[in-house]
Amino acid sequence: MDMYVVKYTGQFGFIKPWTAVRDEETFSQQFLTPSLVAGIERKLFPGLLKEDFGLFKIKRHRLSYSQISSQQEQTQPRGWNEKGNGVNKEYSRPYAILTRGILLNPVLFLAFENLEDAKTAQKQHICLARNEDILYATDEIYNVSEEEFDSNEELFRGYELIFEENEDSFMVGYNRLDNNKPMYGWLKIVGNPVRNNF
């Protein structure tokens with residue numbers, strides 16, 4: 001089956017693992033979950049917002065990056081701490097420093113079954129998991145077979161979570177878009193996902 005592949009690139013990205021709540025140190029997840037891909041798909045094709053959960057346009061994907069950089073982020077809790085009595089009462093919100101392992105120079109390939117969907121996607125930007133992690137499409141749309149997408153280690157290298165449950169699968173979170181059902185998948189790794197050049 002032929003696919004039409006759009007390449008997106010950006011400067012940085014952070015995909016928060018589902019196991020991290022407010023961990024002091026968290027490294028970016030290196031793959032996309034089914035709900036993340038569905039969210040990207042609905043951003044690109046807003047007409048799908050009224051559909052039940054599922055993937056309709058994006059058939060495959062692949063993510064790579066150049067390195068992980070530890071960056072610090074300052075946070076505050078939502079609540080207030082109360083101290084003292086009467087006129088001496090004080091309220092404070094303490095600061096905390098969290099370390100995030102950010103993907104540098106992420107490259108994401110999205111594969112579509114038809115050229116029209118690929119052209120629609122190519123005209124837009126996407127985000128990985130945070131609004132500031134913007135990836136822009138390149139000028140070229142690759143027309144390749146699924147076999148080439150899985151075997152061209154130089155062009156299409158990266159991590160891809162295959163959304164199926166088998167003996168190699170592991171749990172990747174709960175799907176908020178589908179009644180909090182557990183999500184499973186197994187990692188397909190093509191070539192070296194950590195790029196020396198980008």
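Within each chain, residue numbers correspond to sequence positions counted from 1 in written order. Whole-chain, interface and lining totals are the exception, using all residues; otherwise, since this is a predicted model, local features are given only for residues with pLDDT of at least 70 and side-chain atom pairs are given and counted only at 80 or more. Hydrogens are left out, water is left out, and the side-chain values use all remaining heavy atoms of the structure.

Caption draft 1: Region of the structure containing the overall build of the chain. What the chain contains, in helices and strands, is 3 helices and 14 strands. Taking the principal axes of the C-alpha coordinates as reference, the chain spans close to 75 × 40 × 40 Å. Using a 1.4 Å probe on the protein chains alone, a residue whose accessible area is under 20% of its type maximum counts as buried, one over 50% counts as exposed, and one in between counts as partly exposed. Buried positions account for 40% of the 198 residues belonging to the chain. Nonlocal contacts in the chain, meaning residues at least 24 apart in sequence, comprise 70% of its contacts between residues at least 6 apart. Using a 1.4 Å probe, accessible areas were evaluated by the Shrake-Rupley method; residue-level cover was limited to the displayed protein chains. Total accessible area computed for the chain in this model is approximately 11,400 Å², and 45% of it derives from carbon and sulfur atoms. Charge counting treats Lys and Arg as positive and Asp and Glu as negative, with His and both chain ends excluded. To locate a charge, the coordinates of NZ of Lys, CZ of Arg, CG of Asp or CD of Glu are taken. Both charge centroids of the chain, one from 23 positive and one from 29 negative side chains, sit 8 Å from each other. Secondary structure counts use DSSP, requiring at least four H or I residues in a row for a helix and at least two E residues in a row for a strand, with both numbered from the N terminus. Any two residues whose heavy atoms approach within 4.5 Å at even a single point are treated as in contact.

Caption draft 2: Quick peek at the packing of aromatic side chains. Classification of ring pairs rests on two measures: the distance between centres of Phe, Tyr or Trp rings, Trp counted by its six-membered ring, which must be within 6.5 Å, and the angle between planes, read as stacked under 30 degrees, edge-to-face over 60 and tilted in between. Applying the stated criterion to the full structure yields 7 aromatic pairs. Seen in terms of ring centroids, phenylalanine 31 and phenylalanine 170 are 5.9 Å apart; in terms of plane orientation they differ by 80 degrees. Their pairing is edge-to-face. Within this pair, whereas phenylalanine 31 is found in the loop between β3 (25-27) and α1 (34-44), its partner phenylalanine 170 is found in strand β13 (residues 170-175), the two being separated by 139 residues in sequence. Taking the relative accessible area as the measure of exposure, phenylalanine 31 reaches 11% and is therefore buried. Note on phenylalanine 109 and phenylalanine 156: the rings are 5.0 Å apart at their centroids and 75 degrees apart in plane angle, and the pair reads as edge-to-face. Here the residue phenylalanine 109 occupies a position in strand β9 (residues 107-112), and phenylalanine 156 occupies one in the loop between α3 (146-151) and β12 (158-162), the gap between them amounting to 47 residues. On the basis of relative accessible area, phenylalanine 109 is assigned to the buried category, the value being 1%. The class of phenylalanine 156 is buried, set by a relative accessible area of 0%. Aromatic rings pair up to connect Phe109, Tyr142, Phe149 and Phe156 into one cluster. In our convention, an over-ring charge means Lys NZ or Arg CZ found within 6 Å of a ring centre and within 35 degrees of that ring's normal. For arginine 62, the ring lying beneath its charged end belongs to phenylalanine 149, and the centroid distance is 4.2 Å. Sitting over the face of the ring of tryptophan 80, arginine 93 holds its NZ or CZ atom 5.2 Å from the ring centroid.

Caption draft 3: Structural view of the nonpolar core. We call a set of buried Ala, Val, Leu, Ile, Met, Phe, Trp, Tyr and Cys residues a nonpolar core when their side-chain atoms join them within 4.5 Å. If you look at the biggest cluster of nonpolar residues, it comprises 27 residues, and the most contacted ones within it are Tyr8, Leu44, Leu108, Leu110 and Phe112. Within the residue set of this core, elements represented by two or more residues are β1 (2-9), α1, β4 (58-64), β9, α2 (115-122) and β12. The leading source of residues in this core is α1, at 4 residues. Setting aside residues no more than four positions away along its own chain, leucine 44 makes contact with Tyr8, Leu110, Phe112, Thr120, Ala121, Gln124, His125 and Ile126. One finds Val107, Phe109, Val144 and Phe156 within the second-largest nonpolar core, a separate group that totals 9 residues.

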